[in-house]
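Structural description and commentary
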Amino acid sequence: ARMLLTKDESMINHEEKAQLNEILAQGPTLKTIYDFRNELQQIWHRTTVSQIEMLEKLQKWCQQAEASGIQTLQDFVSLLK
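In short, a report on the structure. Remember, predicted model here, so these are calculated numbers, not experimental data.

Mapped onto the fold, K7 is located in the loop between α1 (2-6) and α2 (14-25). Ignoring any residue separated from it by four or fewer positions in sequence, one finds K7 in contact with I12, E16 and R37. Side-chain polar atoms of K7 contact the backbone oxygen of M11, separated by 3.4 Å. Within the structure, the side chain of K7 is placed 3.1 Å from the side chain of E16, a separation counted as a polar contact.

So, about the packing of helix α4 (residues 51-67) against helix α5 (residues 71-80). Between α4 and α5, the shortest axis-to-axis distance is 8 Å and the interhelical angle comes to 145 degrees. The handedness of the crossing between α4 and α5 comes out as left-handed. On α5, the residues that touch L58, W61, C62, A65 and E66 of α4 are L73, Q74, F76, V77 and L80.

Between its terminal C-alpha atoms α4 stretches 24 Å, which fits the 24 Å expected from 17 residues at 1.5 Å a residue. On its buried face, α4 is in contact with α3 (28-45) and α5. Just downstream of α4, G69 is the residue with a positive phi angle, here 80 degrees.

Another aspect to go through is the nonpolar core. In this structure, F36, L40, I43, L58, W61, C62, A65, I70, L73 and V77 together form the largest nonpolar core, which totals ten residues. Taken together, the elements giving at least two residues each to this core come down to α3, α4 and α5. Ranked by the residues each element gives to this core, the list is headed by α4, at four residues. Counting residues in hydrophobic clusters, the runner-up holds seven residues, among them L4, L5, I23 and Y34.

Attention shifts here to the environment of E56. Among the structural elements, E56 can be located in helix α4. With 28 residues separating them in the primary sequence, E56 and P28 have C-alpha atoms 27 Å apart.

Rules of the game
Residues numbered from 1 in each chain as written. Predicted model: local features only at pLDDT ≥ 70, side-chain atom pairs only at ≥ 80, totals over all residues. Heavy atoms only, no water. Helix = DSSP H or I, 4+ residues; strand = E, 2+ residues; numbered from the N terminus. Contact = heavy atoms within 4.5 Å. Polar contact = N/O pair within 3.5 Å; in protein donor to acceptor, adjacent residues only side chain to side chain. Axes fitted to C-alpha atoms, helices over the stretch in contact; angles between N-to-C directions. Left-handed = near helix turned anticlockwise from the far one by under 90°. Expected span 1.5 Å × (residues − 1). Core = buried A, V, L, I, M, F, W, Y, C linked by side-chain atoms within 4.5 Å. Buried < 20%, exposed > 50% of the residue type's maximum accessible area, 1.4 Å probe, protein only.

Right, here's the structure in full:
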């Protein structure tokens, strides 16, 4: 499960995707953390945006992660800051 949760989505085949969906269906908190992880990856991989725009997107992501009420995300935001 850990491998699937940390693997880049573009590298997951159909069978692994089905397994991942089963894992994520077991708990809404895990699904939320996984979704936040993917959003953060998208922010980092956008090379066409300016530094200011990237910073704004990162700040917005941090605000949303803190507001999620999930301690793990809140702790991660503290590390980023």
